[in-house]
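Listed below, chain by chain, are the residues.
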Amino acid sequence: MSERRPVEDWATDFDHLSDEWANNSPAILADLRERCPVAHTDRFYGAYLVTRYDDIDELSHNTAAFSSRITAVNENHPDKIKIELPPITLDPPEHAPFRRSLLPAFNPREVAALEPWVTEMVSGLLDAIEGRELVDGALDFAQLVPVELMGKLFGVSTEMGPQFRRWVDEFLKDGQIDIEVARKASREVQAYFAEQLEDRRSHPADDLVTMVLGAEVALEDGTSRPFSQREQIGALFVLMLGGIDTTWSSLGSALFHLATHPEDRELLVNQPELIPNAIEELLRFYSPVTIARYIAEDAEVAGCPVSAGQRMLLSYPSANRDGTHFDNPDEVDLQRAQNRHMAFGVGIHRCLGSNLARMEMKVALEGWLARFPRFELAVDPSEIRWTVGPVRGPRLVPLRILP
Ligand code: HEM
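As a starting point, this report considers the structure included with it. Everything numeric here is computed off the predicted structure, so don't read it as measured data.

Inspection of the secondary structure puts Val156 in the loop between α6 (144-154) and α7 (161-177). When the C-alpha positions of Val156 and Arg166 are compared, they lie 16 Å apart, and in sequence the two are 10 residues distant. If sequence neighbours within four positions are ignored, Val156 has contacts with Gly151, Phe164, Tyr192, Gln196 and Arg200.

Written as structure tokens, this is what we have:
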């Protein structure tokens, strides 16, 4: 990572792309929630960072002032960001009809129908680990689960897995700091999906590429129109980004947690029926996604004026540790009953793939714990490095499988 100017004060000079942020953001956010709920930085052409649950909830519903046209704060000037990733980069009124056209592919019935395939896929990944004493929970498992699944949903060869992971890393990680890396990845992904779309025109299949080819956006006059090619490619691109890194990071964090908290691991091994509730708590505590908005109109957040033309980070991870909404927010309680967390966002852009993500995590954790009920971290927890960028997670989780 390139040398970055050290942060003087996180309230007035934050740098969410620094190593310090990546490895220490929960403590930084706790401090900001207390003393400066709307932080600012002159870096990144000027940006704000909002940390409290109620403020994020409120501004998420003000889409006129807080536009989704831009969803990341990075070294790229806001005027130069042109990427279209519908529906995540759309505002009302365009957003709802576009989102509605994608929703059926991710409804509970479709997701339930996929579960047997995911169970078998997870079992194959666990077979490959079986017999080893040292494994990497992220490399050998967490990253493979969503990549295999998205490959199946896109109807592409499983050999594309490593390439998908590279693109996701280049776009969401290295590319946040070096814009040229993101641009190159973006061109390659667009060319790849353009080819896939071309192929499905003559060879339609039961997959997301074919679904997007036939998808239509409802218009106000009661008619509808097909997606443009840009929209088709953008939708596939956002499904790839949304579907892979988030689940990879969440599963990696979950294994990290269970490896460092034997009492939680034993609880889930002995009572696997608690796994769905535990996943909600792990999503709350290790929330991977921090998203941005573009400030389209001067506005106020928590009494602080915020200026049009700058960007704003909404810290869902911080909202999820807000003591006004969660008892003992810094403790993981896998049996927590009240848990209206924001890991999947809030408002009109709330995660479209949440049913799929929950099923994937449930099958993956159930499978792992049934096969490897005893394991521990093979390094000191302080050695785990967390990623920077819109999605935070551990890229390496070295584990020792115990007899
Ligand atoms: C644990 C896994 C996941 C987490 C934590 C997560 C988190 C999020 C969050 C926070 C948002 C809101 C973004 C905003 O406020 O602008 C979002 C939106 C979205 N997610 Fe997920 N996501 C996950 C898995 C998935 C999966 C598996 C898919 C699809 C394959 C997916 C597709 C999307 C899409 C398309 C949107 C945009 C929805 C819209 O703009 O209406 N996500 N996700």
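There's more to say after this.
The next thing to look at is the sheet that holds strand β1 (residues 38-41). One open sheet holds the 5 strands; their spatial order is β1-β2-β10-β7-β3, and the pairing between them is mixed. In this open sheet, the two strands that pair with only one neighbour each are β1 and β3 (66-67). Two elements, strand β7 (residues 290-295) and strand β10 (residues 311-315), share 5 bridges in a ladder whose sense is antiparallel. By the bridge assignment, Ala292 is partnered in β10 with Leu313. Contacts from helix α2 (residues 53-60) reach β2 (47-50), β3 and β10, with the element oriented near 125° to β10.

This part takes up the coordination of the iron atom of the ligand. Counting protein donors around the iron atom of the ligand gives one, Cys351 (SG), at 2.3 Å. Position of Cys351 relative to the elements: it lies in the loop between α13 (316-319) and α14 (354-371).

On to the site of the ligand, then. In the neighbourhood of the ligand, 28 residues make up the surrounding shell, with His95, Arg99, Tyr316, His349 and Cys351 lying closest. In this structure, Pro87 approaches the ligand through a main-chain N or O atom, which is 3.4 Å from an oxygen atom. The greatest single-element share of the shell around the ligand, amounting to 6 residues, is contributed by helix α10 (residues 229-260). Partitioning the shell around the ligand into residue classes produces 17 nonpolar, 9 polar and 2 charged.

As a further point, take the packing of α10 against helix α11 (residues 262-270). Between α10 and α11, the least distance of the axes is 5 Å, while the angle of their chain directions is 105°. Taken together, the axes of α10 and α11 lie roughly perpendicular to each other. Counted together, His257, Leu258 and Thr260 of α10 and Pro262, Asp264, Arg265 and Leu268 of α11 form the full contact between these two elements. Split by residue class, the contact of α10 with α11 holds 3 nonpolar, 2 polar and 2 charged.

Where two aromatic rings form a pair, the distance of their centres and the angle of their planes describe that pair. Counted under the stated rule, the structure contains 17 aromatic pairs. For the pair Tyr286 and Trp386, a centre-to-centre distance of 6.2 Å together with 5° between the ring planes defines the contact as stacked. Of this pair, Tyr286 sits in helix α12 (residues 275-286) while Trp386 sits in the loop between β11 (375-377) and β12 (398-401); the two residues are 100 residues apart in sequence, bridging distant segments of the chain. Cluster of aromatic residues (ring-pair linked, three or more members): Phe154, Phe164, Trp167, Tyr192 and Phe193. Lying over the aromatic face of Phe375, Arg265 brings its terminal NZ or CZ to 5.7 Å of the ring centre. Geometry around Phe285 places Arg321 over its ring, the cationic atom sitting 3.6 Å from the centre.

This part covers the sheet that holds β12. With antiparallel pairing, 3 strands are arranged side by side in an open sheet as β4-β12-β11. In this open sheet, the two edge strands, each paired with only one partner strand, are β4 (134-136) and β11. Each adjacent strand pair in this sheet contributes to an overall mean axis angle of 35°, direction not counted. Where β4 meets β12, 3 bridges bridge the pair, whose relative direction is antiparallel. Within β12, the position partnered with Val135 by the bridge is Leu399. Packing of α10 onto the sheet brings it into contact with β11 and β12, and relative to β11 it is tilted by some 100°.

Criteria and thresholds
Residues numbered from 1 in each chain as written. Predicted model: local features only at pLDDT ≥ 70, side-chain atom pairs only at ≥ 80, totals over all residues. Heavy atoms only, no water. Helix = DSSP H or I, 4+ residues; strand = E, 2+ residues; numbered from the N terminus. Contact = heavy atoms within 4.5 Å. Pairing = 2+ DSSP bridges. Axes fitted to C-alpha atoms, helices over the stretch in contact; angles between N-to-C directions. Donors = N, O, S within 2.8 Å, 3.2 Å for Na, K, Ca; no water. Near = heavy atom within 4 Å. Polar contact = N/O pair within 3.5 Å; in protein donor to acceptor, adjacent residues only side chain to side chain. Nonpolar A, V, L, I, M, F, W, Y, C, P; charged D, E, K, R; others polar. Parallel < 35°, antiparallel > 145°, perpendicular 65-115°, else oblique. Phe/Tyr/Trp six-rings, centres within 6.5 Å; stacked < 30°, edge-to-face > 60°. Lys NZ or Arg CZ within 6 Å of the ring centre and 35° of its normal.

Any link to function would need more than the numbers given here.
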